[in-house]
Amino acid sequence: MSHLTHPNPYIFDVDTDRFQTEILDASRSHPILVDFWADWCAPCRALSPHLERVVEELGGQVRLAKLEVDEGENMRQAGHYKVRGFPTVILFREGQELARFSGARSRYQIREWLLPYLISNGAKGIDGDAKIHNGQA
């Protein structure tokens with residue numbers, strides 16, 4: 001798998017071999033979105049900058065892992081989570097799936113979908129302080 005360097009430290013590529021450690025185990029300390037995507041998928045390419053922007057705006061409250069389903073054994077991981085279409089984004093917390101959505105969405109729609117999960121789980125910023133108050137980050 002090619003590992004791209006993302007300018008945002010909260011965005012990274014993941015594959016099946018590292019899924020347990022970098023997603024399930026890591027989600028015990030902070031929520032992680034996993035973007036199941038494919039290079040040939042136009043809605044995936046449309047969604048990606050919106051996801052990245054939301055993660056950037058939230059400044060570490062959530063991380064984004066990008067799993068390219070057509071590389072290596074990654075399609076098995078998608079099958080394990082019963083991903084039926086691309087893109088599908090799954091939010092993991094405490095090693096478990098918390099929520100998901102499929103298809104392209106705007107930055108606003110992603111943020112509105114995500115914020116209640118961060119608030120209800122007491123998401124903390126990198127400095128340990130709660131970062132969301134009254135729906136504002």
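Residues numbered from 1 in each chain as written. Predicted model: local features only at pLDDT ≥ 70, side-chain atom pairs only at ≥ 80, totals over all residues. Heavy atoms only, no water.

Draft legend 1. Broad picture of helix α1 (residues 16-25). Within α1 the residues assigned to the buried category are Phe-19, Ile-23 and Leu-24. For α1, the buried positions fall inside an angular range of 75° around the axis, keeping them on one side. Summarising the geometry of α1, the exposed residues directed more than 90 degrees from the buried face are Asp-17 and Thr-21. In this structure, the buried residues of α1 make contact with β1 (11-13), β2 (32-37), β3 (63-68), α3 (74-80) and β4 (88-93). The N-capping residue of α1, defined by a side-chain oxygen 3.2 Å from the backbone nitrogen of Asp-17, is Asp-15. (Buried < 20%, exposed > 50% of the residue type's maximum accessible area, 1.4 Å probe, protein only. Helix = DSSP H or I, 4+ residues; strand = E, 2+ residues; numbered from the N terminus. Arc of directions from axis to C-beta. Contact = heavy atoms within 4.5 Å. Polar contact = N/O pair within 3.5 Å; in protein donor to acceptor, adjacent residues only side chain to side chain.)

Draft legend 2. Quick peek at the state of the cysteines. What the rule picks out here adds up to one disulfide. Residue Cys-41 pairs covalently with Cys-44 via a disulfide, S to S 2.4 Å. The disulfide joining Cys-41 to Cys-44 has a torsion of about 80° about its S-S bond and is therefore right-handed. Looking at Cys-41, the relative accessible area reads 3%, which means it is buried. (Disulfide = S-S within 2.5 Å.)

Draft legend 3. Expanded view of the pairing of strand β5 (residues 96-102). With six bridges joining them, β4 and β5 adopt antiparallel strand pairing. Residue Thr-88 lies in a different strand from β5, and its bridge partner there is Ser-102. With antiparallel pairing between neighbouring strands as the criterion, β4 and β5 make up a hairpin whose turn holds two residues, including Glu-94 at a positive phi of roughly 55°. (Pairing = 2+ DSSP bridges.)

Draft legend 4. Quick peek at the packing of aromatic side chains. Under the definition given, this model contains six aromatic pairs. Here the aromatic rings of Tyr-81 and Phe-92 are separated by 5.2 Å at their centres, their planes lie at 85°, and the arrangement is edge-to-face. Of this pair, Tyr-81 sits in the loop between α3 and β4 while Phe-92 sits in strand β4, and the two are eleven residues apart along the sequence. Accessibility classification places Tyr-81 together with Phe-92 in one group, the buried group. Site record: aromatic cluster; members linked through ring pairs are Phe-19, Tyr-81 and Phe-92. Stacked on the ring of Trp-37, the Lys or Arg Lys-66 has its end atom at 5.5 Å from the ring centre. (Phe/Tyr/Trp six-rings, centres within 6.5 Å; stacked < 30°, edge-to-face > 60°. Lys NZ or Arg CZ within 6 Å of the ring centre and 35° of its normal.)

Draft legend 5. Focus on the pattern of salt bridges. Under the defined criterion, the tally for this structure stands at nine salt bridges. For the salt bridge of Asp-15 with Arg-18, the shortest nitrogen-to-oxygen distance reads 3.3 Å. The salt bridge partner of Lys-66 is Glu-52, with a shortest N-O separation of 4.0 Å. With a gap of 14 residues between them, Lys-66 in strand β3 and Glu-52 in helix α2 (residues 42-57) connect regions that are remote in the sequence. The buried category is assigned to Lys-66, whose relative accessible area is 5%. One continuous salt-bridge network, built from bridges that share partners, spans Arg-53, Glu-57, Arg-107 and Arg-111. (Salt bridge = Lys/Arg side-chain N within 4 Å of Asp/Glu carboxyl O.)

Draft legend 6. Molecular detail of the sheet that holds β1. Spatial strand order, β1-β3-β2-β4-β5: five strands in an open sheet with mixed pairing. With partners counted over all chains shown, the strands left at the sheet margins are β1 and β5, one partner each. Each strand of the sheet is rotated relative to its neighbour by a mean of 25°, with strand direction disregarded. As judged from the five bridges shared by β2 and β4, these two strands associate in the antiparallel manner. Residue pairing for β4: Val-34 is matched across the bridge by Ile-90. The sheet strands contacting α1 are β1, β2, β3 and β4, and the helix crosses β2 at an angle near 155°. (Axes fitted to C-alpha atoms, helices over the stretch in contact; angles between N-to-C directions.)

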